[in-house]
Amino acid sequence: MKSLNRYIFIVLALSVSTMLYAQRSESLLKNWNFHLGDEPAAAAADYDDASWQKVSVPHDWAITGPFSIKNDLQTVAVFQNGETVPTLKTGRTGGLPYVGTGWYRTTFKTAADSRMELIFDGAMSEARVYVNGQEACFWPYGYNTFHCDVTELLNPAGESNSLAVRLENLPFSSRWYPGAGLYRNVHLLSTSKTAYVPVWGTFVTTPEVSERKAVVRVETTIESVEGVEVEYRTEIRNADGHPVASASAKTSQPGTQIQELSVDVPELWSPETPNCYTAVTTLSVDGKCVDTYETLFGIRSIEYRPHEGFFLNGVRRQIHGVCNHHDLGPLGAAVHVDALRHQLDLLKDMGCDAIRTSHNMPAPELVRLCNEMGFMMMIEPFDEWNDAKCRNGYHRWFDEWAEKDMVNMLHQYRNDPCVIMWSIGNEVPSQGMPDGWKTAAFLQDICHREDPTRKVTCGMDQVDAVLNNGFAAVLDIPGINYRTFKYVEAYDRLNKGYVLGSETASTVSSRGTYHFPAVKGFSALHEDNQSSGYDLEACWWSNIPDVDFALADDYLWNLGQFVWTGFDYLGEPSPYDTDAWPSHSSVFGIIDLASLPKDRYYLYRSIWNTDSPTLHVLPHWTWPGREGEITPVYVYTSYPEAELFVNGVSQGRRSKNPEASYPTQGGQEEAVEARYRLMWEDVVYQPGKIEVVAYDLEGNEADRQVVRTAGKPRRLKITRTSPADGGLIYYTVSVVDRRGVEVPYATDEIFVKVRRGGHFKAMANGDATSLELFHEPQMHLFAGKLTVIAERDSKAPVRITVRAKGLRKASRRN
């Protein structure tokens, strides 16, 4: 992580004020002009952009829509889904207008005698950067961070410099919504010309770790004028800023210098104790400090022990991870720290402890938050190698750019303690080819060369092929996507001693929506284009969560899993992906696009969160017209036993059955649900209430939950679901009856007004078929709820008011 006096941020969203150096960029925070469409003359220094749209960066030009079936409409056969005949894929990339060309322009000034470098955390895509009319660099991959030296292109110190960026997104270039524009932050790095540490110029490792002492090895690259003597000093500081070790030396030669320091009684990093240290490296010439570079790192050990599993700091644990795409729902791809933090807060309470950045490099802000909040990470660069999944995908650039992209990723994140492994790809077609292992070896060797401290995996779904052609054998860690029935075979045949669920479940459900009868189904389709909240539906290639839980419980060599997905995301609306418009966002998520947890959230929480008990009942109990019909009731709980009552009448006591299908073979149809759910399949619906009483291991009552039938809708209700002092504030809006019972079927149109210390930012209802625009302050409820996001403008209280026809309005002041 870079120091306060090294960065001038050209643009930084207000949400990242926690990064400490935002004040350096205050005068340039929103000084960007944007034009949608190609404008070749816009590279010129004297181009007049006064008529362009004023925007702040990060900026996603496509998220404001409108949605249309015509946006990036693709007729393709999805090879990894087993398709051989092209079909019409509606909503595959979210139905949003990300395709096209866009230009961004701004100006900046620099100080005298400085070396200046531009850093882009991500630019979607095929970025061409111009400074004062001259091309400074080109970088095609939209997900990667890249940098370019612009010193020789600058006007004299104190004079204005023009910066122009051209971006182009081709059709058929993505399998999901990629976003569009300068959707991540842009920085201007200023360093001394005499001596400096370059971008990502340190590599901190901990070759020895114990509770008593840790050895910290710091490799620092120093660029300097030949013959100039540079004194370099590294001081390690703990999270409170107190120095715990230091070392100094001198050199007259540019290059990499190595220092080893000892830290007594180190505070180890883990998801439960995310302790971080900072290595502060200063360069001095003739007694004067010319550069300061700060590197955030952690002290921890990671081991993958054959036949025993994954060990962090010497303690065995299984990975309880999720895969996430990079979009932030109604905010689009534009990165926002508060939105990322809100996502991670929800996942942390669920018991999640790891993130897979599927299938691309993450925003730096996400990695920082994972360091701080305690999430392990699998960082993954590619969904495509040199064989195409998408007509205009990354395969066009792979041969020339793959190593450059890999090196940038590895150098940027190899110091972060949260990163426990690298992935080199996801379900690449090469896995099924005779020479595919050579490409895997090539990429893995880059990882080992640039970071010998971590193992490497790859998400593989053609399991028969990779077990036979050498592809899986090449990898440090065999990562299997789905195909749970192949785990045991992979363990037996590969001689690695462990298997990772690199992508699991692909269970599909729509929040608050239930279909009858409640039966297990694969790629089941319903007339409403929604999937059932009973969590018994998955895609044909996948399984329900219980199978993954059983594999984790039954086999020590199972390293854990990354569930597909933590959150719904824009695009890939499986199983409603083929000629099924208006479906345009996924229903894979444990949490929906509006950041509202689905029932499935509590199933995972009941297994993963061992610090706080879980008791959750489904479905809701408001079913006009279903009187007298079978309406199953499920309970997700961390308690071993519970009793269900309908209007005071016991429906029986249920206990979890750990022996169900033990040991599992991972079969898609295996009946392992009884291990993890309490199920009353034959309950007859009667209006009133259902009540569940949970019991602990000793048979004592531990908790109870009541779900009541809702009456006539009466008023709106607002609940704040994120901290009131954040840059973004999340609110849940619902409808309740006169007793305060939520009305689960409400679809009223909600009108929002935000005043005083903030403004309306976006809203979403979690409906994968909704074409209402996220940035407009009105939207219909879905399954009785929606989310409103307000953005704070000042320290004054934010006041939000919501209205709906025929209902009493609600207001809240934060």
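The structure we're discussing is the one just above.
The structure displayed is predicted, hence computed values, not measured ones. (Residues numbered from 1 in each chain as written. Predicted model: local features only at pLDDT ≥ 70, side-chain atom pairs only at ≥ 80, totals over all residues. Heavy atoms only, no water.)

Chemist: Explanation requested: the nonpolar core in the structure shown.
Modeler: The tendency in soluble globular proteins is for nonpolar side chains to be buried as a group. Leu 182, Leu 347, Phe 382, Trp 385 and Ile 424 are the most contacted members of the largest nonpolar core, which has 208 residues in total. Of the residues forming this core, the biggest block, 8 residues, is contributed by helix α3 (residues 398-413). Ala 214, Val 216, Leu 268 and Ala 279 belong to the second largest nonpolar core, which has 13 residues in total. (Core = buried A, V, L, I, M, F, W, Y, C linked by side-chain atoms within 4.5 Å. Buried < 20%, exposed > 50% of the residue type's maximum accessible area, 1.4 Å probe, protein only. Helix = DSSP H or I, 4+ residues; strand = E, 2+ residues; numbered from the N terminus.)

Chemist: When you look at the pattern of salt bridges in this model, what are you seeing that I'm missing?
Modeler: Side chains bearing opposite charge may pair, as long as their charged atoms lie close to each other. Throughout the structure, instances matching the rule amount to 43 salt bridges. Linking Lys 89 and Glu 83 is a salt bridge whose minimum nitrogen-to-oxygen distance equals 3.0 Å. Using a relative accessible area of 2% as the deciding quantity, one classes Lys 89 as buried. Look at Glu 83 and you get partly exposed, because its relative accessible area is 21%. Note that Asp 353 is salt-bridged to Arg 317, the shortest N-O span being 3.0 Å. With a gap of 36 residues between them, Asp 353 in the loop between α1 (337-350) and β25 (354-357) and Arg 317 in the loop between β23 (315-316) and β24 (319-324) connect regions that are remote in the sequence. For Asp 353, a relative accessible area of 5% gives the class buried. (Salt bridge = Lys/Arg side-chain N within 4 Å of Asp/Glu carboxyl O.)

Chemist: How should I be thinking about a positive patch on the surface in this particular structure?
Modeler: Taken together, the side chains of Lys 753, Arg 755, Arg 756, Arg 803, Lys 809 and Arg 813 present a region of like positive charge at the surface. Within the residue set of the positive patch, elements represented by two or more residues are β43 (749-756) and β48 (807-813). By residue number, the principal contributor to the positive patch is β43, which donates 3 residues. Residue position: Arg 803 is located in strand β47 (residues 798-804). Of the residues examined, Arg 803 reaches a relative accessible area of 39% and is grouped as partly exposed. (Patch = residues over 30% accessible without salt bridge, like charges linked within 9 Å, V, L, I, M, F, W, Y side chains within 5 Å. Areas by Shrake-Rupley, 256 points an atom, 1.4 Å probe, with all protein chains shown as cover. Lys, Arg positive; Asp, Glu negative; His and termini not counted. Charge placed at Lys NZ, Arg CZ, Asp CG, Glu CD.)

Chemist: In this structure, what is going on with the sheet that holds strand β36 (residues 641-646)? I would like to understand it.
Modeler: The antiparallel open sheet is built from 4 strands, whose spatial order is β37-β36-β39-β40. Edge positions in the open sheet fall to β37 (649-655) and β40 (701-708), since each of these has one partner strand only. For this sheet, the mean angle separating the axes of adjacent strands, direction not counted, is 15°. Pairing of β36 with β37, which is carried by 5 bridges, proceeds in the antiparallel orientation. Its bridge partner being in β37, Glu 643 is matched across the sheet by Arg 653. (Pairing = 2+ DSSP bridges. Axes fitted to C-alpha atoms, helices over the stretch in contact; angles between N-to-C directions.)

Chemist: Where do I start with the sheet that holds β23 in this structure?
Modeler: By definition, the strands of a sheet pair up through backbone hydrogen bonds, in either a parallel or an antiparallel sense. The strand order across the open sheet built from 3 strands is β21-β22-β23, with neighbouring strands paired in antiparallel fashion. The two strands at the open ends of the sheet, each matched to only one other strand, are β21 (302-305) and β23.

Chemist: Explanation requested: the packing of aromatic side chains in the structure shown.
Modeler: Geometry of an aromatic ring pair is reported as the spacing of the ring centres plus the angle between the planes. Inspection of the entire model under this criterion finds 38 aromatic pairs. Ring geometry for Phe 34 versus Tyr 104: centroids 4.8 Å apart, planes at 40°, classification tilted. Note that Phe 34 is positioned in strand β2 (residues 32-36) and Tyr 104 in strand β6 (residues 100-108), a separation of 70 residues in sequence. Judged by centre distance (5.2 Å) and plane angle (80°), the ring pair of Phe 516 and Trp 623 falls under edge-to-face. With Phe 516 in the loop between β30 (499-505) and β31 (521-522) and Trp 623 in the loop between β34 (615-618) and β35 (633-637), this residue pair connects regions lying 107 residues apart in the sequence. The class for Phe 516 is partly exposed, based on a relative accessible area of 26%. Of the residues examined, Trp 623 reaches a relative accessible area of 12% and is grouped as buried. Here a set of aromatic residues connected by ring pairs shows up, and it is made of Tyr 141, Tyr 143, Phe 382, Trp 385, Tyr 394, Phe 398 and Phe 471. (Phe/Tyr/Trp six-rings, centres within 6.5 Å; stacked < 30°, edge-to-face > 60°.)

Chemist: Is there a simple way to explain the state of the cysteines in this structure?
Modeler: Between two cysteines, a covalent bond joining their sulfur atoms is known as a disulfide. A full pass over the atoms with the stated rule returns 0 disulfides. Here Cys 352 is not disulfide-linked; the sulfur of Cys 370 is the nearest cysteine sulfur, at 8.8 Å. (Disulfide = S-S within 2.5 Å.)

Chemist: What is the right way to look at the packing of α3 against helix α4 (residues 436-450) in this model?
Modeler: Angle between the axes and distance between the axes are the two parameters that describe a pair of packed helices. Where α3 contacts α4, the axes come no closer than 10 Å and their chain directions differ by 30°. In this view, α3 runs roughly parallel relative to α4, as classed from their interaxial angle. The two elements α3 and α4 cross, and the hand of that crossing is right-handed. Seen from α3, the contacting residues are Phe 398, Ala 402, Glu 403, Met 406, Val 407, Leu 410 and His 411; seen from α4, they are Thr 439, Phe 442, Leu 443, Ile 446, Cys 447, Arg 449 and Glu 450. (Parallel < 35°, antiparallel > 145°, perpendicular 65-115°, else oblique. Left-handed = near helix turned anticlockwise from the far one by under 90°. Contact = heavy atoms within 4.5 Å.)

Chemist: Is there a simple way to think about the environment of Thr 256 in this case?
Modeler: Within the secondary structure layout, Thr 256 lies in strand β18 (residues 255-264). When near neighbours in sequence (up to four residues on either side) are disregarded, Thr 256 contacts Glu 219, Thr 220 and Thr 221. Within the local environment of Thr 256, its side chain forms a polar contact with the side chain of Thr 221, the two groups lying 3.3 Å apart. (Polar contact = N/O pair within 3.5 Å; in protein donor to acceptor, adjacent residues only side chain to side chain.)

Chemist: In this structure, what is going on with the side chain of Thr 631? I would like to understand it.
Modeler: With respect to the helices, strands and loops of the structure, Thr 631 is situated in the loop between β34 and β35. Residue classification places Thr 631 among the buried positions, given a relative accessible area of 0%. In this structure the side chain of Thr 631 is engaged in a polar contact, spanning 3.3 Å, whose partner is the side chain of Arg 626. Not counting residues within four places of it along the chain, the set of residues in contact with Thr 631 comprises Phe 516, Tyr 534, Pro 619, Trp 621, Trp 623, Arg 626, Val 683 and Tyr 685.

Chemist: What is the right way to read the pairing of strand β42 (residues 728-736) from this model?
Modeler: Here β42 lies mainly inside the structure; 9 of its 9 residues are buried. Side chains of β42 alternate between two faces, with Leu 728, Tyr 730, Thr 732, Ser 734 and Val 736 and Ile 729, Tyr 731, Val 733 and Val 735 buried alike. Taken together, the 6 bridges between strand β41 (residues 715-720) and β42 define a ladder with antiparallel strand orientation. Residue Leu 716 lies in a different strand from β42, and its bridge partner there is Val 735. Pairing between β42 and strand β46 (residues 785-792): 7 bridges, direction antiparallel. Across the sheet, residue Ile 729 finds its bridge partner in β46, namely Ala 790.

Chemist: What am I meant to see in α1 here?
Modeler: Since the α-helix turns once every 3.6 residues, residues separated by three or four places project in the same direction. Here α1 spans 20 Å end to end across 14 residues, near enough to the 20 Å set by a 1.5 Å rise per residue. Along α1, 10 of the 14 residues are buried, which leaves the element largely enclosed by surrounding structure. Remark: Gly 351 follows α1 within two positions and exhibits a positive phi of approximately 100°. (Expected span 1.5 Å × (residues − 1).)

Coordinates in, geometry out; function isn't part of it.
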